[in-house]
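Observations on the three-dimensional arrangement
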Amino acid sequence: MIVTIDGPAGAGKSSIARQVADRLAFDFLDTGAMYRAVTLGCLRAGIDFDDVDALEQFAGCLELRWDDQRIFLNGEDVSEEIRQPEVSAAIGRIADLLPLRTRLSEMQRQVAEGKDIVTEGRDQGAEVFPDAECKVFLTASPQTRARRRQLQLSETGVDLSIDEILDAQNKRDLEDTTRDVGRLRAADDAIVVNTDCLSSDEVLQAVLEIIHGVL
Ligand code: C5P
């Protein structure tokens, strides 16, 4: 069984998707981590992000592996490093690369093959797994998402103003909702959960109920 959980940055997808996978004893796939790892590889190599051909060529040579919830770039575990703000700021160009999207979507289907899995991202329900048994789209207002992000960052010792967070988030929302292929959207048959007024426990319960409804 495939459960897809899509939604915008800061909607709480990752933590909910992980918890859902734990509760159901399903595998878990964080597809954003794949785009992040490629972005990190290109940043490290000093590739010019305005040079689409160079990006495409270099991104195509990077070796990615997803293993036990860790992401490996050319054999190195980069699961923590990919969370850096520089990676988030640069990722839009990488996520726009069509050959890369095709390759990563194929990898995602391979990882999911024959498994019970929760996959999380932007395009999972609408494009990568159109036949998934259960599709959830988690969303929340920009303000709620920014406030949650601010709290998360402050727990790691990073203090940013709401305006700084909103600026970066709006930029990413725009990139994510307007790309030609793989854009952020709810699949027609996805169930949309607005998490504005819900605690994370309530979101978890809501998603589990949706899944149990199709089991
Ligand atoms: O979910 P996360 O914030 O880690 O995703 C980072 C970025 O990766 C997104 O803003 C988007 O540009 C890209 N992405 C994507 N398709 C996915 C997952 C992530 O384009 N399935």
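Data block above holds the structure.
We now turn to the structure provided with this report.

Considerations on the site of the ligand
Around the ligand lies a shell of 16 residues, among which R36, R101, D123, R172 and D176 are the nearest. Between the ligand and R101 there is a distance of 2.9 Å, counted from an oxygen atom to a side-chain nitrogen or oxygen. Considering the ligand on its own, with 460 Å² of exposed area, one finds that the protein chains cover 96% of that surface. More than half of the atoms of the ligand fall within 2 Å of the grid points belonging to the largest pocket. Those elements that place two or more of their residues in the shell around the ligand are helix 2 (31-44), helix 4 (85-95), strand 6 (117-121) and helix 8 (162-178). Top contributing element to the shell around the ligand by residue count: helix 2, with four residues. For the shell around the ligand, the per-class residue count stands at three nonpolar, four polar and nine charged.

Observations concerning the pattern of salt bridges
Taken as a whole and assessed by the stated rule, the structure comprises 15 salt bridges. One salt bridge in this structure joins D30 and R83, with 2.9 Å as the shortest N-O distance. Residue D30 is located in strand 2 (residues 27-30), and its partner R83 is located in the loop between strand 5 (76-77) and helix 4; the two are separated by 53 residues in the primary sequence. Notably, a salt bridge pairs R93 with D50, separated by 2.5 Å at the nearest N-O pair. On the criterion of sequence distance, the pair formed by R93 in helix 4 and D50 in the loop between helix 2 and helix 3 (52-61) is long-range, its members being 43 residues apart. A network of salt bridges, in which partner residues are shared, links D96, R122, D176 and R179.

Here's the deal with the layout of surface pockets
If a probe as big as a water molecule is rolled over the atoms, it shows which places are left empty. Put simply, the largest pocket is a space of about 1000 Å³. Along the wall of the largest pocket there are 42 residues; nearest its centre are G10, K13, S14, R149 and Q152. Among the secondary structure elements, those contributing two or more residues to the lining of the largest pocket are helix 1 (13-24), helix 2, helix 4, strand 6, helix 7 (142-155), helix 8 and helix 9 (200-214). Looking at the second largest pocket, its volume works out to about 490 Å³. Taken together, 19 residues make up the lining of the second largest pocket; nearest its centre are P85, S88, R149, L153 and A168. In terms of residue class, the lining of the second largest pocket is built from eight nonpolar, five polar and six charged.

Considerations on the sheet that holds strand 4 (residues 70-73)
Strand order in this open sheet of three strands is 3-4-5, and the pairing throughout is antiparallel. Edge strands, defined here as strands with exactly one partner in the open sheet, are strand 3 (64-67) and strand 5. As defined by bridge partners, strand 4 adjoins strand 5 across two bridges and the pair is classed as antiparallel. The residue of strand 5 that forms the bridge with L73 is E76.

Describing unusual backbone geometry
Unusually for a residue other than glycine, D68 sits at a positive phi of about 50°. Considering the arrangement of structural elements, one finds D68 in the loop between strand 3 and strand 4. In this structure D68 comes out as exposed when scored by relative accessible area, which is 68%. Within the chain, N74 stands out as a residue other than glycine whose phi angle is a positive 45°. Inspection of the secondary structure puts N74 in the loop between strand 4 and strand 5.

Calculation notes
Residues numbered from 1 in each chain as written. Predicted model: local features only at pLDDT ≥ 70, side-chain atom pairs only at ≥ 80, totals over all residues. Heavy atoms only, no water. Near = heavy atom within 4 Å. Polar contact = N/O pair within 3.5 Å; in protein donor to acceptor, adjacent residues only side chain to side chain. Areas by Shrake-Rupley, 256 points an atom, 1.4 Å probe, with all protein chains shown as cover. 1 Å grid on protein atoms, 1.4 Å probe; cavity = no way out; pocket = protein on both sides within 12 Å on 5 of 7 lines; lining within 4 Å. Sits in = over half its atoms within 2 Å of the grid points. Helix = DSSP H or I, 4+ residues; strand = E, 2+ residues; numbered from the N terminus. Nonpolar A, V, L, I, M, F, W, Y, C, P; charged D, E, K, R; others polar. Salt bridge = Lys/Arg side-chain N within 4 Å of Asp/Glu carboxyl O. Points joined across faces, edges and corners; volume = space filled by probe spheres on them. Pairing = 2+ DSSP bridges. Buried < 20%, exposed > 50% of the residue type's maximum accessible area, 1.4 Å probe, protein only.

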